[in-house]
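Summary of the model geometry
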Amino acid sequence: MESLPTRKAIEPARIRAWEIVVWLIALAMWFVAPKYAPLLNEIAILALFAVSLDLILGYSGIVSLGHAAFFGTGTYVAALFAKHVIPDPIVGLLAAVAVSTLLGFLTSALVLRGTDLTRLMVTLGVALILYELANRFDNITGGADGLQGVVTGPLFGTFAFDLGGRVAYLYSLTILFVLFMLARRIINAPFGYGLRAIRDNPRRAAAIGIPVNRRLIAVYTLAAAYAGTAGALLAQTTNFASLDALDFHRSADVLLALVLGGVGWLYGGILGTVAFKLMHDFISALTPQYWQFWIGLVFVVLMVAGRDRLSAGMRRLLRIGPTRTGTER
Amino acid sequence: MSALVLATHGLQKRFGGIAATQNVSLALARGERRALIGPNGAGKTTLVNLLTGMLTPSSGTIELDGDDITPLPPHQRARRGLVRTFQITQLFDTLTPLETIALVIAERDRVGSRLWRPLVANAGDTDEAAQLLATLHLGDALRQRAAILPYGKRRLLEIAIALAAKPHVLLLDEPLAGVPASESREILDTLAALPQDVTVLLIEHDMDVVFRFATRISVLVNGALMVEGAPEEIARDPQVRAVYLGEARYA
């Protein structure tokens, strides 16, 4: 592992200059690239989804191939809420978060025990079940056609979501920022260190008095809330919900994006999503039908060469991020 | 009050047909310094695993301060002050010693589930952690990831974790295994400086250490307690000499 072993790590809780730059760039995009607002909005939403996955995968060592279960739940609840209850986006967001949080809590017991393989299969299974339920109950969800006729009301009763997606991007970016900073607080607090301790060595974690199961339930539930929020944002900013939100590719894409950016490093979710999205758009512009070939190749190289080594080198070049490399598992 | 702090009653552990722990009844008084010795494979670590809840006994009970803790999971035993070290170092590899010890202190003080205040914010918050690490010669490695620490330092951190928990009963599973002589001195001094009311059970192969440290010695052979007594008695015991010293000669 070629990190900088003797260099002292800076106290992680302090906000550093490059972090401010990241957020300023995100905000500046709203002014300088209004044309790309819909794309930026999507990136903000998927970044939040990736941050959610990082909470369980990167910080707590819970692998998941079905994180779309919570994303899609948020999407459908927000869409149905806007359609049948009230169109107000904030209330709808809270409703979607409530339901996905509950779903996270209820399914958390399934990932407490077992190996990575059982966790992969169980999370995948839960997402498949939800997908088929949404497909089957098409009288509620619209099934394969998607849920039509969703109209999200104006934000705070004032700012209507425009077709150009500029209000949408600002809305999603704000939610991403707030939840990201909250997650940042949490992972630097004792709770967050407890999660890393559990990830690194659950036996030792229990031996110092950490209630391993309770903490894993808590973080899995929290991650479900985050994923549900991301899903709800998608429904509200596109006025649409479809099976795509629960599809396997969502779970896979978010995992790829997070791994690309680096697990166990909250910014990895954001940067990975940006990189993944740009890579996706760039490659599919060159070769529309075969883009997955190139994405696949990139990931094979990435995993074989070692994500840690590549991103540590990149971070060294840019002088950002933790000077310590990530996990060694 | 010379109350029993830690006691086992007829503790048994079977792995298939093998009895790893056989009818062990052990009683430790408050502040006692007890050594547990026995040849390799005698079941010493298995006993520690049973005491700390990492293994469930096939039968028998374990009492801590008069309460039956047999059904309690490991973290609840740790929260009651029953703390162990591991023979094979068990650290949090991505955390630094400072973070590790700050976390142990947070868990000990029951603030481990806090979500807002940073664990390591400034030097003032971690005075206790830094001080403890300094006494165990880890002062110059406060901010290095545990994974890259040299073996001797990793052992010291292992001990530091247990001490930071301010145990009420401390189970030391070969704390000096593989520690260089210069640093084993530090560990022994630190253990000698533990408060008088801390009860210690020490598993150790180095007989000099055992006889210097322990006020009583229990000898475990094939999972069963063979004999128990003051160090002089154990040293004279012909059975112990046959089993233990005999083995040592060929080891």
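Structure shown above.
Nothing here was measured: the structure is a model prediction, and the numbers come from that model.

Attention now moves to the overall build of chain B. Each helix and strand counted, chain B has nine helices and eleven strands in total. For 251 residues, the compact-globule formula gives about 18 Å, and the C-alpha radius of gyration of chain B, at 18 Å, lands near that figure. Principal axes of the C-alpha set define a box for chain B whose edges measure 55 × 40 × 40 Å. Taking all 251 residues of chain B together, the buried fraction comes to 46%. For chain B, long-range pairs separated by at least 24 residues make up 67% of all intrachain contacts whose partners lie at least 6 apart in sequence.

On to the interface of chain B and chain A, then. Buried accessible area, meaning the area lost when the parts come together, often serves as the stated size of an interface. The partner chain A presents 29 residues to the 38 residues of chain B that form the contact. Of all the elements in the fold, those that place two or more residues in the side of chain B that touches chain A are helix H2 (74–79) and helix H3 (97–108) of chain B. The element best represented in the side of chain B that touches chain A is H3 of chain B, accounting for six residues.

Right, let's talk about the nonpolar core for a bit. Judged by nonpolar contacts, the single largest core of 167 residues is most densely connected at Phe 49 and Ala 223 of chain A together with Ile 101, Ala 160 and Ala 164 of chain B. If you tally residues by element for this core, the top one is helix H10 (residues 212–238) of chain A, at 15 residues. Aside from chain neighbours lying at most four places away, what touches Ala 223 of chain A is Ser 52, Leu 53, Leu 55, Ile 56 and Gly 104 of chain A.

All names here are of chain B. Spatial ordering of the open sheet is given by S7-S8-S9-S4-S10-S11, a layout of six strands whose pairing is mixed. Of all strands in the sheet, those bounded by a partner on one side alone are strand S7 (82–84) and strand S11 (224–229). Direction aside, the axes of adjacent strands within the sheet are offset by 20° on average.

With that out of the way, let us pick up the packing of helix H11 (residues 248–261) of chain A against helix H12 (residues 266–286) of chain A. Residues and elements named next belong to chain A. Orientation of H11 relative to H12, taken along the N-to-C sense of each, is 110°, at an axis distance of 7 Å. Taken together, H11 and H12 sit at an angle that is classed as roughly perpendicular. Between H11 and H12 lies a crossing of right-handed hand. Taking contact as the criterion, the partners of Leu 256, Ala 257, Leu 258, Leu 260 and Gly 261 in H11 are, on H12, Gly 268, Gly 269, Ile 270, Leu 271, Gly 272, Thr 273, Ala 275 and Phe 276. Considered class by class, the residues forming the contact of H11 with H12 number eight nonpolar, five polar and no charged.

Conventions adopted
Residues numbered from 1 in each chain as written. Chains lettered and ligands numbered in written order. Predicted model: local features only at pLDDT ≥ 70, side-chain atom pairs only at ≥ 80, totals over all residues. Helix = DSSP H or I, 4+ residues; strand = E, 2+ residues; numbered from the N terminus. Rg over C-alpha atoms; globule rule 2.2 N^0.38 Å. Buried ≥ 20, exposed ≤ 12 C-beta atoms within 10 Å, placed from the backbone. Contact = placed C-beta atoms within 7 Å. Core = buried A, V, L, I, M, F, W, Y, C linked by C-beta atoms within 7 Å. Pairing = 2+ DSSP bridges. Axes fitted to C-alpha atoms, helices over the stretch in contact; angles between N-to-C directions. Parallel < 35°, antiparallel > 145°, perpendicular 65-115°, else oblique. Left-handed = near helix turned anticlockwise from the far one by under 90°. Nonpolar A, V, L, I, M, F, W, Y, C, P; charged D, E, K, R; others polar.

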